[in-house]
Amino acid sequence: MKRSFSIFFVSLLVLVMGFAQAGFAQLAEDIPREKTFIADVLTGRVGTPANFNVFTTAWRNPDRGVQQLMLEPLWLVDYVTGEVINALAAEGPIYNEDFTQMTVKLREGCQWSDGVPITADDIVYGIELCMQDSGMSYNAPFNLYVDKVYKTDDYTVVFEFKEPNARFHANFIDRWGGWRPFPKHIFEEAEDPLSFDFNPPISSGPYVLKDFDQAGYWTLWERREDWDKTPTGILYGMPQPEYVLFYYYGDAANKVIAQANHNLDMTDLTMEAFRAILERNEYSRGYRKEYPWVVNVDPCMTGLTLNNDVSPFDLKDVRWALTLAIDIVDYIGIAFDGAAPMGVLHVPPTPVYQEWYYKPLEEWLKNLTLDIEIDGEPFKPYDPEAPFRLVEYVKERGYDVPKEPEAIREMFGPGWWKYAPDVAEQLLLRNGFTKDANGKWLLPDGTPWKIAITAHPSPSHPQHRNSLAAAQQWRNFGIDVTVNPSEAYAALAQTGDYVVNDNWPAIEPWGGHPDLYRVLSPFRTSYYRPIGEQAVGHSSRWYNEKLDKVIEEMEKVDWDSDKNLQLGMEGLKILVEEMPTIPTFGYPGVVAWDEYYWTNYPGAENPYTQPYHHWPNFKYMLPFLRPVER
Amino acid sequence: MLFFKRYLLPRIVQFLVVVFVGITIVFIVPRLTPVDPVQQVINRITAQGAFLDPAAVDSMRKSLTELYGLEGSMLQQYFAFWGRLFRGDFGPSLFQFPIPVTQLIMTSLPWTAGLLISTTLISWIVGNLLGGLAGYFKDRRWAKVLDNISMVIRPIPYYIFALLLLILFAYLFPIFPSAGGYSVGRRIGFNWAFISDVLKHSFLPATSLVVLGIAANFMTMKLIVSNIVAEDYVMYAKAGGLKESKIAFKYVLKNGLLPQITGLALSLGQIFGGALITEIVFSYPGIGTLVYGAINSGDYNLIMGVTSLSVIGIAGATLIIDLLYPLFDPRIRHR
Amino acid sequence: MESFKELMKDGRFKFAFIVICVLALMSILSFFSPYNPLKWNVVPRDLPPRWPHILGTTSQGQDLFWQSTFAIRNSLIIALIASSISRVIAVIVGLIAGYKGGKVDTILMSINDSFVVMPLLPILILIASVMRENLTMVTLGLILSLFGWAWDARVIRSQILSLREREFTYTAILSGTRTFSLVIKEYFPFIIPIIFSTVINNMIWAIGMEVTLAILGLTNIEVPTIGTMIHWAVNYQSMLLGYWWWILTPVVISILLFVALYLLSSSLSEYLDPRTRIQRIGKAGQ
């Protein structure tokens, strides 16, 4: 009996060792690891791995490499350098005087990966196809505005509009999505462009499909022989990795494990997982090499959205009271252990937006008064010292931070509102709110004030973290708060079936351009829909006549003009005064990069391009990466 | 003929009723969620910041609702569903339009079936064998040791157990791959390189399922057997001087397995539901995450496809067991 | 009292009884917790176990001992509701179907099987996503009990089916015993061990389901239960960061709970089983 047991164990051991000998590399033998770059798929496992037709409205996980490697758009924005990059277009859009016509000049010398040149025919065919079939993406906006589209020569396309539109080119700016050209000679052959799987795909970008997982976990791309016939090659030179692998490893813990084994070069994580990988892998780094590590250039502003159609959030005083009941230092501490840049405007406090909007508006913010007096003086809510208070917290947590005020403002944001629960209390009291014996707030009708925050379902998402932090703050203030994460949070927001949620307080700006049309226009009165109807604009259901005027003005001016910048500031001021939604901190991107096989990432010390592997701009990072000799 | 009418027919009718009721319930429940598939698609498109003119969103919503066939009343959709089901068609996936649901299921099913059939069978056989022996020889030292081990392992939440295995053998001692079904770039084919690759990748997921499965089967079986041991006929057999091993296997184990067979049939039938937590922890391909994603995106057609298959699978397994039961237990006669 | 003394002679029962008393005491202690379980940063973060935080603290600045008092209470509520209600249904359905047979059996088993064939996890996930904020401890327990009885009803039925074929049933019927007393006297001794073992299995299943739903973030994750404690510990990477006390607390609690319940049930059913009782008395007499 004993003997058979030991034989069993020995053979089990041999079996395990046999596996161990084969190693734990995730790559087959003919894909050399040192020539391969491995990145994470942000949006998860691909549901339809064999389908590369991303041109319909269906979801196809474009960040499995399709938008980063396979396709080139007409234009891209880079929110770090603040520039608009001409990719397949040779130059910016050319509008006529009254914005009823737009001309696009195409870059010459670009080819599809099967050798066919990319010309105006592809563009015209693509636009017309999208206009015919309602299942294709951009069907709606094109039909709304485009009267006709035609080519004047092989590299010039002209759009004629049904009505003036100074922002039509925005449909073509790849900003994690945008209309991208597809090959006419392939799609023409397809029976039904909607169900066509585009497999194998033909690339306009510098890589072609090599292999993919039937189960949808990974997609492998190989560099094109003729990479120099793509905008990437023409603009930035040869992409360094011979292969790029997009791999979805799963939860944050799985990504940490993968990177610790050097099987994942670029990924994003949660703050906690990031600390775990730093402890484990000496080659891992963040956007910054030191605390606070996170990306502070992300073009998204996080915060809280209040449903302005629900009482008592229809009262400006209540919205401001909820804002002043937040101690932003404690808030960011709870949400991100202090590592996020605070901001009061409805645009993120990234270096470019600080330059464009935060600095010009600083004096105005400092002098802003609320319609309430404290000790006989009008109350000034703005607190430019808030980032320095956050620094104190961070030091207490044992992290090192620079001392220069400029560096601190860049890392932690320019300022926030004062923590003033006393003022918040007065704002509520004067609207008929009362406090019960336990210090809990009662609504003007005498019932307890309960707030249910509808939260993003993923506990690691900054939106979800906003909800948790807000719940803590408002509980301390004496409100009964619950947090309800829901997969349906977006649908609930659209139909207005919520009171407070953690959606972006405003639609995010372009990132690489000061134009705020995207931010402001969703608030226009004509987009307002009452609760129960699907929202068209911003889900807060707030609108304002003064803002309508600003938006209308914007539609009549060129997006590069100085007037447009001034209009943006007017709009932001209205949002601050009315506080329909509460911006809190800029999206802290917790990225982890492994420098074991590759180096020269666009970190804070050398921000040559945007830092994410899931943005379409990723292809412009690849020529700059350097392999590490091992 | 009498056999058919009195035994077979009622059971088949019952099977059909069960399937009908089950499928009707899984038709209704998803439609109660506030998750709107059209909104989820629009959301995905705009979530990362792609530009969509607010005015365009409205017309897009209308055309998508029409495209997905979600316009009619619930009753109309219900009848349309049965109509399609009889043709073996679950319609297109809504979130991954217009890929047919059957195609999505067929991509995931082999992984799930391969993993779950083998682990379910292994843990059933090993667990019941050990449990039966430990129940019969319950005073032996090894039986007590096994009992204590399984008593402690059994209650560990599966998720934690799986995560622990992953951290131990893919992180602290990186012996096994941490994710996926096979190596990147490996050609799929019936050859040793591919098969060993798949085995290597499935080792940790399978181990996690087998260990906890053995513990559960072990404990149930041990309890059943220790009851049987006290029965008169076992006493007689012992008194009659039959060999211990013969009593253990022929009388005790065989009888103890009867109730366990039903359990096996049900677990095998449940395979169509997939192993969600296993798939999440080990990033292993399968149906569990497919249906979980479908629930989250409100993909009614896909939810219905997977759950209907699951209902039919489990009901079918129970029917078969019901019909075969008299073969195992001669005490139950057909009537 | 006499029987309790006798039971306490059994080492397994003694251990189980003490553990259950400790856990029960902890869940009562939750009413005297110095901290609000919903509030964060009430104690220093990430402290390993030491006085006064005897089980350590979390990254959210909560005391693990006091959190676990709430967690035990809430998880026990769910498990007890789920298992007790589902046991009642299972026993009734199993007994009636097995004993009556015929049409009653067919109808009951159709209902039963409709529940058995339901793909449980997807349905629970769907229900949880529909209920959301209304998903309290009690409703979760009720939902679980609704889905937790069918399998065991089948097991009980098949046990009754095989008992029916035995001689003592015929002897009893021939000698004119009434159905009810037959069921109580002759069948229950065989069914009670099944009930006990299924209670334990069902409680473990209910706690496990709660853990699964909590890990997927589908329950109210702010309310401490064994599941939500695991949810937070895993989401804040306590395993990778080496905060072993955080993840171990809920895991050890669930192991202790189970082991205690299991030992309790096995020693109790042995005690109640008439046949082993005779053996025991016989042994005592020797």
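Up top is the structure these notes are about.
It should be emphasised that the depicted structure is a prediction, and the values quoted were computed from it without experimental measurement.

What counts, and at which threshold
- Residues numbered from 1 in each chain as written.
- Chains lettered and ligands numbered in written order.
- Predicted model: local features only at pLDDT ≥ 70, side-chain atom pairs only at ≥ 80, totals over all residues.
- Helix = DSSP H or I, 4+ residues; strand = E, 2+ residues; numbered from the N terminus.
- Buried ≥ 20, exposed ≤ 12 C-beta atoms within 10 Å, placed from the backbone.
- Contact = placed C-beta atoms within 7 Å.
- Nonpolar A, V, L, I, M, F, W, Y, C, P; charged D, E, K, R; others polar.
- Pairing = 2+ DSSP bridges.
- Core = buried A, V, L, I, M, F, W, Y, C linked by C-beta atoms within 7 Å.
- Domains from an automatic or database assignment.
- Arc of directions from axis to C-beta.

1. Notes on the overall build of chain B
When its secondary structure is counted, chain B shows 13 helices and zero strands. If you line up chain B on its principal axes, its C-alpha atoms span 90 × 65 × 40 Å. Taking all 335 residues of chain B together, the buried fraction comes to 51%. Sequence-distant contacts, at least 24 apart, represent 73% of the contacts inside chain B between residues at least 6 apart.

2. Observations concerning the interface of chain A and chain B
Contacts between the two partners involve 64 residues from chain A, matched on the other side by 58 residues from chain B. Of all the secondary structure elements, the ones that give two or more residues to the side of chain A that touches chain B are α1 (2-21), α4 (139-145), β10 (218-223), α7 (252-260) and α16 (489-495) of chain A. Top element by residues in the side of chain A that touches chain B is α7 of chain A. It accounts for five residues. Looking at the side of chain A that touches chain B, its residues break down into 35 nonpolar, 20 polar and nine charged.

3. Some details on the interface of chain C and chain B
Of the residues lining the interface, 42 residues belong to chain C; the matching set on chain B comes to 46 residues. Elements with a contribution of two residues or more to the side of chain C that touches chain B: α4 (102-116), α5 (120-131), α7 (150-164), α9 (179-215), α12 (244-272) and α13 (274-285) of chain C. If you tally residues by element for the side of chain C that touches chain B, the top one is α5 of chain C, at eight residues.

4. Brief notes about the pairing of strand β9 (residues 207-212) of chain A
Residues and elements named next belong to chain A. Two elements, β9 and β10, share five bridges in a ladder whose sense is antiparallel. The residue bridging Phe212 from the neighbouring strand is Thr219, located in β10. From the end of β9 to the start of β10, which pair antiparallel, there are five residues, and Gly216 there has a positive phi angle of about 90°.

5. Regarding the nonpolar core
Of all hydrophobic cores here, the largest spans 371 residues; its most connected members are Tyr247, Val256 and Ile332 of chain A. It is α9 of chain C that provides the largest number of residues to this core, a total of 16 residues. A domain-level breakdown of this core finds at least three residues from each of domain 1 (17-86) and domain 2 (108-334) of chain B. Sequence-distant contacts of Val256 of chain A, that is, excluding residues within four places in its chain, are made with Leu269, Ala273, Ala276 and Ile277 of chain A together with Leu240 of chain C.

6. Examining the pairing of strand β7 (residues 156-161) of chain A
All names here are of chain A. Direction of pairing for strand β5 (residues 101-105) relative to β7: antiparallel, over a ladder of five bridges. Considered in β7, the bridge of Gln101 is made with Glu160. Of the pairings in the sheet, the one linking strand β6 (residues 146-153) to β7 comprises six bridges and is antiparallel in character. In the strand pairing of β7, Lys148 is matched with Glu160.

7. Let's talk about helix α18 (residues 545-555) of chain A
Residue and element names in this part refer to chain A. Of the positions making up α18, those classed as buried are Leu547, Val550, Ile551 and Met554. All buried residues of α18 fall inside an arc of 95° around its axis, so they share one side. Looking at α18, the residues exposed on the side facing more than 90 degrees away from the buried face are Glu545 and Glu552. Looking at the packing, one finds that the buried side of α18 touches α17 (517-520) and α19 (562-578).

8. As for the sheet that holds strand β4 (residues 94-95) of chain A
As summarised here, the arrangement of the four strands in space is β4-β5-β7-β6 (chain A), forming an open sheet in which the pairing is antiparallel. Here the strands that pair on one side only, and so sit at the sheet edges, are β4 and β6 of chain A.

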